[in-house]
2 protein chains.
Amino acid sequence: MNISDLIITEPNVIPTSSGSIMHLLKNTDAVFRGFGECYLSSIGMNDVRAWKLHNLMTCNLLVIKGLVKFVFVDNRMINTSQTVTDEIIIGPDNYKRITVPPGITFGFQGICDDNLIINIANICHNESEVSRFNIDSIKYNWN
Amino acid sequence: MNISDLIITEPNVIPTSSGSIMHLLKNTDAVFRGFGECYLSSIGMNDVRAWKLHNLMTCNLLVIKGLVKFVFVDNRMINTSQTVTDEIIIGPDNYKRITVPPGITFGFQGICDDNLIINIANICHNESEVSRFNIDSIKYNWN
């Protein structure tokens with residue numbers, strides 16, 4: 001990835017005779033930063049949620065149904081005018097975990113009819129640590 | 001529930017304009033016993049996985065797609081010949097979290113075409129703390 005501390009890993013998927021087991025996160029994973037909260041988000045086709053920046057939370061994002069595009073913008077070096085971006089599309093058929101450190105702005109878009117995202121976060125949701133920006137505040141063509 | 005320390009709770013579901021957010025577990029929830037591992041299991045219609053008993057793990061079970069029937073057998077008081085059982089069917093439309101303490105035997109069955117179960121466990125998977133019993137070892141009519 002262009003953003004050096006945006007970490008993409010591939011949790012194990014274990015087939016069984018009656019379905020599969022998909023690992024999400026273990027406390028022994030190198031990216032584990034503690035457990036605060038785990039929640040599931042659904043997003044419809046073409047719907048966009050952007051932009052959000054966590055000032056304290058480390059997110060572990062996994063897509064367990066459908067396909068979701070994530071777009072990341074790192075302007076932590078804003079005083080040097082360096083903005084670094086990344087985008088990735090993930091889902092069960094391209095099974096990855098994205099670990100997003102605090103300080104990176106991101107948005108996401110549903111690609112399939114039904115899309116389910118899990119976030120395993122190192123702290124509980126606290127609106128005071130979240131910065132939200134209007135979708136037009138960062139130039140990106142979502143179409 | 002008949003088994004007194006089998007705890008059923010209802011995590012919050014928050015509708016948004018482009019989907020919903022379903023809480024799974026927070027470290028501030030009364031049932032939280034630490035975080036070891038989080039994984040997703042799929043199970044097909046009518047398929048059964050039974051029976052399993054964790055000697056150390058506390059499981060938090062949630063069904064985020066489909067419907068799954070869970071059957072619990074508590075024979076911790078086996079010397080008094082008291083066996084206590086419970087069964088429950090859960091899914092997104094009957095959204096519950098089942099907290100299963102160590103020592104309770106359980107099995108589960110997929111009811112819909114596609115069923116997805118999340119387990120948020122207080123320790124990592126360790127085969128040495130799991131006891132497995134043949135499906136026929138406990139009388140239950142899965143049909």
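Predicted, not measured: the structure shown is a model, and the values here were computed from it.

Draft legend 1. Spotlight on the overall build of chain A. Helices and strands together make up the secondary structure of chain A, namely 0 helices and 12 strands. Seen in sequence order, chain A has helices and strands lined up from the N terminus as β-β-β-β-β-β-β-β-β-β-β-β. For 143 residues, the compact-globule estimate of 2.2 N^0.38 gives 15 Å, and the C-alpha radius of gyration of chain A, at 15 Å, lies within 12% of that figure. Projected onto its principal axes, the C-alpha coordinates of chain A cover approximately 55 × 35 × 30 Å. In chain A, buried positions account for 35% of the 143 residues. For chain A, restricting intrachain contacts to residue pairs at least 6 apart in sequence, the fraction spanning at least 24 positions comes to 83%.

Draft legend 2. Summary view of the nonpolar core. The biggest cluster of nonpolar side chains holds 58 residues, and the ones touching the most others in it are Leu24(A) and Leu24(B). In contact with Leu24(B), other than residues within four places in its own chain, are Cys38(A), Tyr39(A), Leu40(A), Pro11(B), Leu62(B), Ile118(B) and Ile120(B).

Draft legend 3. Summary view of the pairing of strand β6 (residues 59-65) of chain A. Residue and element names in this part refer to chain A. Within β6, 6 of the 7 residues are buried, leaving the element largely enclosed by the surrounding structure. Pairing between β6 and strand β9 (residues 97-100): 3 bridges, direction antiparallel. The residue bridging Leu61 from the neighbouring strand is Ile98, located in β9.

Draft legend 4. Structural view of the interface of chain A and chain B. Of the residues lining the interface, 28 residues belong to chain A; the matching set on chain B comes to 28 residues. Those elements that provide at least two residues to the side of chain A that touches chain B are β3 (19-26), β4 (37-44), β6 and β11 (114-121) of chain A. Its residues assigned to classes, the side of chain A that touches chain B shows 13 nonpolar, 10 polar and 5 charged. As paired strands, β3(A) and strand β4 (residues 37-44) of chain B are joined by 5 bridges and run antiparallel to one another. Looking at the pairing, His23(A) lines up with Tyr39(B) of β4(B).

Draft legend 5. Representation of the pairing of strand β10 (residues 105-110) of chain A in the model. All names here are of chain A. By the criterion of burial, β10 is predominantly enclosed, with 6 of the 6 residues buried. Of the two faces of β10, both are covered, the one formed by Thr105, Gly107 and Gln109 as well as the one formed by Phe106, Phe108 and Gly110. As judged from the 4 bridges shared by strand β5 (residues 48-54) and β10, these two strands associate in the antiparallel manner. Note that in β10 the partner of Leu53 across the bridge is Thr105. Pairing geometry for strand β7 (residues 68-74) and β10, over 6 bridges, is antiparallel. Each bridged residue has a counterpart across the sheet, and for Val71 the counterpart in β10 is Gly107.

Draft legend 6. Examining the sheet that holds β4(A) more closely. Strand order in the open sheet formed by 7 strands is β1(A)-β9(A)-β6(A)-β11(A)-β4(A)-β3(B)-β2(B), and the pairing between neighbours is antiparallel. The sheet terminates laterally at β1 (7-9) of chain A together with β2 (13-16) of chain B, the two strands that pair on one side only. Averaged over all pairs of adjacent strands, the angle between strand axes in this sheet comes to 20 degrees, irrespective of strand direction.

Draft legend 7. A look at the sheet that holds β5(A). Residue and element names in this part refer to chain A. Pairing in this open sheet of 5 strands is antiparallel, and the strands run β8-β7-β10-β5-β12 from one edge to the other. Looking at which strands have only one partner, the edges of the open sheet turn out to be β8 (84-90) and β12 (130-132). Strand-to-strand, the axes of this sheet are offset by a mean angle of 25 degrees, without reference to chain direction.

Draft legend 8. A look at the relation of the copies chain A and chain B. Superposition record for chain A on chain B: RMSD 0.0 Å, screw rotation 180 degrees, translation along axis 0.0 Å. Taken together, the rotation and translation describe the operation of a two-fold axis. Residue Phe35(A) of chain A places its C-alpha closer to the rotation axis than any other residue of that unit, at 3.2 Å. Here 100% of the contact residues of chain A are again contact residues in chain B; the copies associate through an equivalent surface.

Calculation rules
- Residues numbered from 1 in each chain as written.
- Chains lettered and ligands numbered in written order.
- Predicted model: local features only at pLDDT ≥ 70, side-chain atom pairs only at ≥ 80, totals over all residues.
- Helix = DSSP H or I, 4+ residues; strand = E, 2+ residues; numbered from the N terminus.
- Rg over C-alpha atoms; globule rule 2.2 N^0.38 Å.
- Buried ≥ 20, exposed ≤ 12 C-beta atoms within 10 Å, placed from the backbone.
- Contact = placed C-beta atoms within 7 Å.
- Core = buried A, V, L, I, M, F, W, Y, C linked by C-beta atoms within 7 Å.
- Pairing = 2+ DSSP bridges.
- Nonpolar A, V, L, I, M, F, W, Y, C, P; charged D, E, K, R; others polar.
- Axes fitted to C-alpha atoms, helices over the stretch in contact; angles between N-to-C directions.
- Least-squares fit on C-alpha atoms with pLDDT ≥ 70 in both.

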